[in-house]
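# What the coordinates show
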Amino acid sequence: MDFKISASILSADFARLGADVDEVLSAGADFVHFDVMDNHYVPNLTIGPLVCKALRDYGVTAPIDVHLMVQPVDRIVPDFAAAGATYITFHPEGSGHVDRTLGLIRDHGCRPGLVFNPATPLTHLEYVLDKVDMILLMSVNPGFGGQAFIPSCLRKLAEVKRIIQASGRDIRLEVDGGVKADNIGEIASAGADTFVIGSGIFGTPDYAETIAEMRRTLGTV
Ligand code: DX5
Ligand code: ZN
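I will try to describe carefully the structure that is included in this document.

### So, the overall build of the protein
What the protein contains, in helices and strands, is eight helices and eight strands. Here the protein has a C-alpha radius of gyration of 16 Å; the compact-globule value for 221 residues is 17 Å, and the two agree. Each principal axis of the C-alpha distribution contributes one length, and for the protein these read about 45 × 35 × 30 Å. Per-residue burial over the protein gives 52% buried out of 221 residues. Sequence-distant contacts in the protein: of pairs separated by 6 or more residues, those separated by 24 or more amount to 63%. Per element, the accessible surface of the protein, about 9,300 Å² overall, is 53% carbon and sulfur. Computed over 18 positive and 28 negative side-chain charges, the inter-centroid distance for the protein is 4 Å.

Take a look at the structure:
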């Protein structure tokens, strides 16, 4: 299985963001997970397209996995595409027209994805499965790093994995929130192939050792 680790820079050192991102990528992370919060859809405020562009200008070439926790969604999509986003995922609750937003992201040259909160059912997937490149399941309620993994996500992962397999499409199944070295194995066994990890990497003293430990566990799945 082609497992990917997407390092959530929400837990990085924003005063030296470029260097910290370089460090986590050389330590073995595959993607940069970029959490965008608007103090409206979620009760926190973070970073926007300017910071995404700053990372590209700094020299970051890894895929940038933009997770939009904003409402509305469409206005900001072209700005993130221009800023160098690779994936752009959004919460269906944040968009009045989910199909249109997925098309907008694709038309701007990025890879679209839908994000489901812990209590959000999967119904929004039914008619747009052919239009997503990523499905992101939240295993915490969005807004903050460092929260505990909500176990019902394991069952949901297994369900989405079945849906993806039945579709025959190449769709990444990503999980976000409370992923650590000690639970990544069971999360992978449930079906996830892409792991957003913030405090589980940035909160540890040696990023490379933490990621290596996670990869050792993933190697046994
Ligand atoms: C939460 C964000 C996450 C967050 C995960 O709303 O979407 O990406 O950074 O943080 P950890 O890995 O610390 O749970
Ligand atoms: Zn996120």
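### Re the coordination of the zinc ion (ligand 2)
H33 (NE2), D35 (OD), H67 (ND1) and D176 (OD) make up the full set of protein donors to the zinc ion (ligand 2), lying at 2.1 to 2.3 Å. For the zinc ion (ligand 2), the six donor atoms in the first shell make angles of 70 to 169 degrees at the metal, a pattern classed as octahedral. Taken in sequence order, the residues that donate to the zinc ion (ligand 2) follow the motif H-x1-D-x31-H-x108-D. On the criterion of sequence distance, the pair formed by D35 in strand β2 (residues 31-37) and D176 in strand β7 (residues 172-176) is long-range, its members being 141 residues apart. Look at D35 and you get buried, because its relative accessible area is 5%. By relative accessible area, which is 9% here, D176 ends up buried.

### Digging into the site of ligand 1
Close to ligand 1 lie 20 residues; S8, D35, G143, D176 and S199 are nearest. Here an oxygen atom of ligand 1 sits 2.7 Å away from a polar atom, N or O, in the side chain of S8. Between ligand 1 and G198, the relevant distance is 2.8 Å, taken from an oxygen atom to a main-chain nitrogen or oxygen of the residue. In the complex, the protein chains occlude 100% of the 380 Å² of accessible area that ligand 1 would expose alone. Among the secondary structure elements, those contributing two or more residues to the shell around ligand 1 are β2, β3 (64-69) and β8 (194-197). The greatest single-element share of the shell around ligand 1, amounting to three residues, is contributed by β2. Grouping the amino acids of the shell around ligand 1 by side-chain chemistry returns eight nonpolar, 10 polar and two charged.

### Here's the deal with the pairing of β7
In terms of burial, β7 is largely enclosed, as five of its five residues are buried. Burial along β7 is two-sided: R172, E174 and D176 and L173 and V175, pointing in opposite directions, are all buried. For strand β6 (residues 134-138) and β7, the ladder comprises five bridges, and the chain directions are parallel. Looking across to β7, one finds that M138 is bridged to D176. On the question of chirality, the crossover connecting β6 to the parallel β7 by way of helix α5 (residues 152-167) is right-handed. As judged from the three bridges shared by β7 and β8, these two strands associate in the parallel manner. Residue pairing in the sheet places E174 in a bridge with T194 of β8.

### Quick look at the environment of R162
Residue position: R162 is located in helix α5. Under the relative-accessibility criterion, R162 is labelled exposed at 55%.

### A few points about the packing of aromatic side chains
Tallied over the entire structure, the rule returns four aromatic pairs. When the ring of F202 is compared with that of Y207, the centres are 5.3 Å apart and the planes differ by 75 degrees; the resulting orientation is edge-to-face.

### A look at the pattern of salt bridges
The tally for this structure, following the rule as stated, stands at 13 salt bridges. Of the charged contacts in the structure, one is a salt bridge between D193 and R172, with a shortest N-O distance of 3.5 Å. Residue D193 is found in the loop between α6 (184-190) and β8, and its partner R172 is found in strand β7; the two are separated by 21 residues along the sequence. You'll find D193 and R172 in the same group, each marked buried.

### Examining the nonpolar core
Counting residues in each nonpolar core, the largest one holds 64 residues, and the members touching the most others are I9, F34, L68, I135 and F195. Discounting residues that sit within four places of it in the chain, I9 has contacts with F14, L17, V21, V32, H33, F34, I47, L55 and F202.

Criteria and thresholds
- Residues numbered from 1 in each chain as written.
- Chains lettered and ligands numbered in written order.
- Predicted model: local features only at pLDDT ≥ 70, side-chain atom pairs only at ≥ 80, totals over all residues.
- Heavy atoms only, no water.
- Helix = DSSP H or I, 4+ residues; strand = E, 2+ residues; numbered from the N terminus.
- Rg over C-alpha atoms; globule rule 2.2 N^0.38 Å.
- Buried < 20%, exposed > 50% of the residue type's maximum accessible area, 1.4 Å probe, protein only.
- Contact = heavy atoms within 4.5 Å.
- Areas by Shrake-Rupley, 256 points an atom, 1.4 Å probe, with all protein chains shown as cover.
- Lys, Arg positive; Asp, Glu negative; His and termini not counted.
- Charge placed at Lys NZ, Arg CZ, Asp CG, Glu CD.
- Donors = N, O, S within 2.8 Å, 3.2 Å for Na, K, Ca; no water.
- Tetrahedral: all angles 85-135°; square planar, octahedral: opposite > 155°, others 65-115°.
- Near = heavy atom within 4 Å.
- Polar contact = N/O pair within 3.5 Å; in protein donor to acceptor, adjacent residues only side chain to side chain.
- Nonpolar A, V, L, I, M, F, W, Y, C, P; charged D, E, K, R; others polar.
- Pairing = 2+ DSSP bridges.
- Right-handed = clockwise from strand over helix to strand, strands pointing away.
- Phe/Tyr/Trp six-rings, centres within 6.5 Å; stacked < 30°, edge-to-face > 60°.
- Salt bridge = Lys/Arg side-chain N within 4 Å of Asp/Glu carboxyl O.
- Core = buried A, V, L, I, M, F, W, Y, C linked by side-chain atoms within 4.5 Å.

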